[in-house]
Amino acid sequence: MKNEYLAFPFEILSIVKETEIDWTYTVKYDGPLVGGQFMQLSIPGVGEAPISISDFRDGSLDMTIRKVGRLTDAIFNLEAGDSLFMRGPYGNGFELSKYVDKHVVIIAGGTGLAPVKNVIEKLTSGEIKTNSTRALIGFKSPDDVLFEDALKRWSQDHEVTVTVDKQPDKPWNGKVGLVTEHIPTLEGYDIEKTEAIVVGPPMMMKFTTLALLKAGYLPQNITVSFERNMSCGIGKCGHCKIDETYVCLEGPVFNYTTAVKLLD
Amino acid sequence: MAYQLSHEMFDRYLAALSATHRVFAPVVKANKNKLADLDLITYDEVSGADQIIWSEKSYFSPKEIFYPIRETLFRFVGKEAFVPEVDQKPMLILLRPCDLNGIDRLDQIFFNNGVSKDFYYERRRKLVKFAVIECTEGFDSCFCVSMGTNKVDSYDMALKYSGDSITLDIKDETLVPDGYSFGANEDFELDFVKSNKTKVELPDFEGVDLNQVFGHEMWKEYTSRCIACGRCNTSCITCSCFTMQDVFTDDEKMLSERRRRWAGCHIKGFSDMAGGHSFRDKNGERMRFKLMHKVYDFNKRFDKHMCVGCGRCDDVCPEYISFSKSINKVAKIIQEVKHEK
């Protein structure tokens, strides 16, 4: 009998402070991963929670963690050389082969950028050869911008729009307004054949997908990723269930045609 | 083989059986009821026939015997995790057909949902044998006939209780203690409930836009009546949800435990995520979520309804909300929706 709940220590190699409250932890890791999957991350005695894998490479993976609760408070006290406990990976992740030779638009809101960071890396670096890759990324304010270096790198050869919710007090090179306001700028290619990925807070995903449909994107060409409370990651604890669907098993990545039928 | 035993012989049999098995049955605990000075009928380990309550339904289901309310998954000493051992003595649980069917629903989640089996559930569950108590009338709130759970396909032992004698049908030979001999063999056929006082019409959702059900006015009644205490979840034989809980067990924070404890979809915080997002904040929405799980969407995954009609949720609700009535309400709404088409 395999005990799937056992968590093992993984060494923290480095910590990058993206913002005041969002830090990226790179941990030593070997094993197959798919962008969009998540880990059950824990600290013994403190707690366990699902955290999406923001990026990975040979020998390590990244998790971008926001300080929002008891567990993440404790994680923020750790340093390089310390250990994080993990089990996983869980969830389906993004099926990248469907984006080959397609026009692709990725729309992310806030920390929703983390689960698609690896996808954007693979599409912009040419590892997955698309016809075009564009990204529309929204943050609350300039202080909340994640992955600044990556954003610069992606925008060298690709159309990357970064927007903040409100006109900031300090100098800002990007756009202003919610991501939905910038969806009209994502025209120019054959919209009916363009693939879209939408990840972010529930309200942002709801209004963004509606705006995409209004702009002419086809439901079957829209992919979303859900975030839910989870205690197990393996279809037992029941927290992430929506109707007959378990987000940890069948998701967190869903085609919009499936996602729209999931009523909370 | 079936054997007829006097009360006294059955008592001696249980005593002999307890050498190899832990036997669990409904018992009475004096003054333990939620109301003052009343008794609680609940499951516990028994060693004699006098302890067993035959004529009443237990307040809690027998699931806690092998799926504890709170369980330590492992103890951490620094970075090393140790999995606690469990008692390896086989268990025999006396239960009614609805509950045995309910345990099949728990098995579906813990064994068949996803690719992983639940280690902690499996290691206790495989030690459990079942003795079905013949149930021919049920109780006021039962609706097992409507759910098709009044019968069982198989059992390790069956018991017919008739006041002064007990007939046993033993299928599992290990339930006959070594050197123990029974009297003459008896013909045995287990009888079942044929009709309940409470009847439920299962809604047929085929071809119905679920938005019309989810957005229906009927759920508002439960928003005002339900107090989200979760008693319906904890008394249910088929509710399987749990939450992880970590605790330090020393002042130096070198020793800790990861535990899991029962969770319920009616209880506040069930869907909360760090950062403030949550789903189904209204109690009526939680009622809808539970109802749809019990009589609609579980069936889509496992080809049988989760609810087994034991009626405990109706018995325990402090607000007198009836689950069977709510199912019938949904069935009526579905008919109206289809009629409007």
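Residues numbered from 1 in each chain as written. Chains lettered and ligands numbered in written order. Predicted model: local features only at pLDDT ≥ 70, side-chain atom pairs only at ≥ 80, totals over all residues. Heavy atoms only, no water.

1. Some details on the overall build of chain A
Quick reminder of the rule: Strands here are runs of E lasting at least two residues and helices are runs of H or I lasting at least four, both read from the DSSP assignment and numbered beginning at the N terminus. When we talk radius of gyration, it's over C-alpha atoms, and the globule rule is simply 2.2 Å times the number of residues to the 0.38. The contact definition used throughout considers only heavy atoms, calling two residues in contact when any of these lie within 4.5 Å. Calculation of accessible area relied on Shrake-Rupley with a 1.4 Å probe; when residues are assessed, cover is drawn exclusively from the protein chains displayed. When charges are tallied, Lys and Arg are placed among the positive residues and Asp and Glu among the negative ones, while His and the ends of the chain are skipped. Charge positions come from single atoms, namely NZ of Lys, CZ of Arg, CG of Asp or CD of Glu.
Within chain A one finds seven helices and 16 strands. Relative to the globule expectation of 18 Å for 264 residues, the C-alpha radius of gyration of chain A, 18 Å, shows essentially globular dimensions. The principal-axis extent of the C-alpha atoms belonging to chain A is close to 50 × 45 × 35 Å. Considering only intrachain contacts with a sequence separation of at least 6, the fraction spanning at least 24 residues in chain A is 68%. Just so you have it, chain A exposes about 11000 Å², and 51% of that area is on carbon and sulfur atoms. In chain A, 27 positive and 35 negative side-chain charges are present, and the distance between their average locations comes to 3 Å.

2. A word on the packing of helix H2 (residues 113–124) of chain A against helix H3 (residues 148–157) of chain A
Residue and element names in this part refer to chain A. Formally: Simply put, an axis is a line fit to the C-alpha atoms, just over the touching stretch for a helix, and the angle between two N-to-C directions goes from 0 to 180 degrees. Handedness of a helix crossing follows the sense of rotation of the near helix relative to the far helix, less than a right angle counterclockwise being left-handed and clockwise being right-handed. When residues are sorted by character, Ala, Val, Leu, Ile, Met, Phe, Trp, Tyr, Cys and Pro go into the nonpolar class, Asp, Glu, Lys and Arg into the charged class, and all the rest, Gly among them, into the polar class.
With their axes 11 Å apart at the nearest point, H2 and H3 run at an angle of 35° to one another. For the element pair H2 and H3, the recorded crossing hand is left-handed. Of the residues in H3, those in contact with Leu113, Lys117, Ile120, Glu121 and Thr124 of H2 are Ala150, Arg153 and Trp154. In terms of residue class, the contact of H2 with H3 is made up of four nonpolar, one polar and three charged.

3. Some points on the domain arrangement of chain B
All names here are of chain B. Let me state the cut-off plainly: Each domain's limits were defined by an automated method or a database of domain assignments. Buried area adds together the accessible area that both of two parts lose upon being put together, with accessible area traced by a 1.4 Å probe. Put simply, a salt bridge is a Lys or Arg side-chain nitrogen that is within 4 Å of an Asp or Glu carboxyl oxygen. Side-chain atoms alone can form a polar contact between residues adjacent in sequence; in general such a contact is a pair of N or O atoms within 3.5 Å, and within protein one must be able to donate a hydrogen while the other accepts it.
Considered domain by domain, chain B is made up of domain 1 (2–70 + 84–175) and domain 2 (210–245 + 262–340). Between the C-alpha centres of domain 1 and domain 2 the distance comes to 26 Å. Counting residues at the interface gives 33 residues for domain 1, matched by 32 residues for domain 2. Taken together, the two surfaces of domain 1 and domain 2 that pack against each other cover about 2700 Å², and 60% of this comes from carbon and sulfur. Ranking the residues of domain 1 by area buried against domain 2 places Lys63, Arg105 and Phe143 at the top, with a combined share of 23%. Counting across the domain 1 and domain 2 interface gives three salt bridges. With a shortest N-O distance of 2.7 Å, Asp99 and Arg312 are connected by a salt bridge. Inspection of the domain 1/domain 2 interface yields 18 residue pairs in polar contact (both at pLDDT 80 or more). Of all the elements, helix H2 (residues 97–112) adds the most residues to the side of domain 1 that touches domain 2, at 12 residues. For the side of domain 1 that touches domain 2, the residue count by class is 15 nonpolar, nine polar and nine charged.

4. Here we look at the interface of chain B and chain A
Contact residues are listed per partner, giving 51 residues for chain B and 42 residues for chain A. Along the contact surface separating chain B from chain A lie five salt bridges. For the side of chain B that touches chain A, the secondary structure elements donating two or more residues are strand E4 (70–77), H2, helix H3 (119–125), helix H5 (210–214), strand E11 (242–248), strand E12 (255–262) and helix H8 (283–302) of chain B. Per-class residue counts for the side of chain B that touches chain A are 23 nonpolar, 13 polar and 15 charged.

5. As for the packing of aromatic side chains
For the record, the criterion: Classification of ring pairs rests on two measures: the distance between centres of Phe, Tyr or Trp rings, Trp counted by its six-membered ring, which must be within 6.5 Å, and the angle between planes, read as stacked under 30 degrees, edge-to-face over 60 and tilted in between. Residue burial is assigned from relative accessible area. The probe radius is 1.4 Å, only protein chains are included, and a residue is buried under 20% of its type maximum, exposed over 50%, and partly exposed in between.
Using the criterion set out here, one finds 24 aromatic pairs over all chains in the structure. Measuring from ring centre to ring centre gives 6.0 Å for Tyr5 of chain A and Tyr120 of chain B, while their planes differ by 45°; the resulting arrangement is tilted. Of the two residues, Tyr5 of chain A is situated in the segment before strand E1 (8–17) and Tyr120 of chain B in helix H3; the pairing between them involves two chains. The exposure classification of Tyr5 of chain A matches that of Tyr120 of chain B, with both residues buried.

6. Thoughts on the environment of Val260 of chain A
All names here are of chain A. In this structure, Val260 sits in the segment after helix H7 (256–259). Owing to a relative accessible area of 44%, Val260 belongs among the partly exposed residues under this scheme. For the pair Val260 and Lys206, spaced 54 residues apart in the sequence, the C-alpha separation amounts to 9.2 Å.

7. What to know about the packing of helix H6 (residues 218–225) of chain B against H8 of chain B
Residue and element names in this part refer to chain B. Between H6 and H8, the shortest axis-to-axis distance is 6 Å and the interhelical angle comes to 115°. Where H6 crosses over H8, the two elements pack in a sense that is right-handed. Residues Trp219, Tyr222 and Thr223 of H6 touch H8, and the partners they reach there are Asn283, Gly284, Glu285, Met287, Arg288 and Leu291. Along the lines of polarity and charge, the residues of the contact of H6 with H8 split into four nonpolar, three polar and two charged.

8. Points about the confidence of the model for chain B
Selection criterion: What pLDDT expresses is the predictor's confidence in each residue, scored from 0 to 100.
For chain B, the average pLDDT comes to 93, and 100% of its residues sit at 70 or higher. Quick note on the complex model: pTM equals 0.94, ipTM equals 0.94.

9. A closer look at unusual backbone geometry
As a rule of thumb, non-glycine residues mostly have phi less than zero, and peptide bonds are mostly trans rather than cis. Residues and elements named next belong to chain A. A cis amide bond links Gly88 to the next residue, Pro89, at an omega of 0°. Inspection of the secondary structure assignment puts Pro89 in strand E7 (residues 83–90). Pro252 follows Gly251 through a cis peptide bond whose omega is 5°. The residue Pro252 is located in the loop between helix H6 (247–250) and strand E16 (253–255) in this model.

10. Concerning the pairing of strand E4 (residues 47–52) of chain A
All names here are of chain A. Counted only if it meets this: Two strands pair under a simple rule: DSSP has to find at least two bridges between them.
Pairing geometry for strand E3 (residues 38–43) and E4, over six bridges, is antiparallel. Bridge assignment links Phe38 to a residue of E4, and that residue is Ser52. The antiparallel pairing of E3 with E4 creates a hairpin that spans three residues between the two strands, and Gly45 there sits at a positive phi of about 90°.

11. Points about the sheet that holds E4 of chain A
Residues and elements named next belong to chain A. Across the sheet, which stays open at both edges, the seven strands sit in the order E4-E3-E7-E1-E2-E6-E5 with antiparallel pairing between neighbours. At either end of the open sheet lies a strand with only one pairing partner, and these are E4 and strand E5 (55–57). Looking at each pair of strands side by side, their axes are set apart by 35° on average, direction ignored.

12. Thoughts on the pattern of salt bridges
What the rule picks out here adds up to 40 salt bridges over all chains. For Asp172 of chain B, the salt bridge identified is with Lys129 of chain B, shortest N-O distance 3.6 Å. Of this pair, Asp172 of chain B sits in the loop between strand E9 (165–170) and strand E10 (185–186) while Lys129 of chain B sits in strand E7 (residues 128–133), and the two are 43 residues apart along the sequence. Summarising the burial analysis for this pair, Asp172 of chain B and Lys129 of chain B share the class buried. In the salt-bridge network here, residues are joined through shared partners; they are Glu48 and Arg87 of chain A together with Asp246 and Arg258 of chain B.

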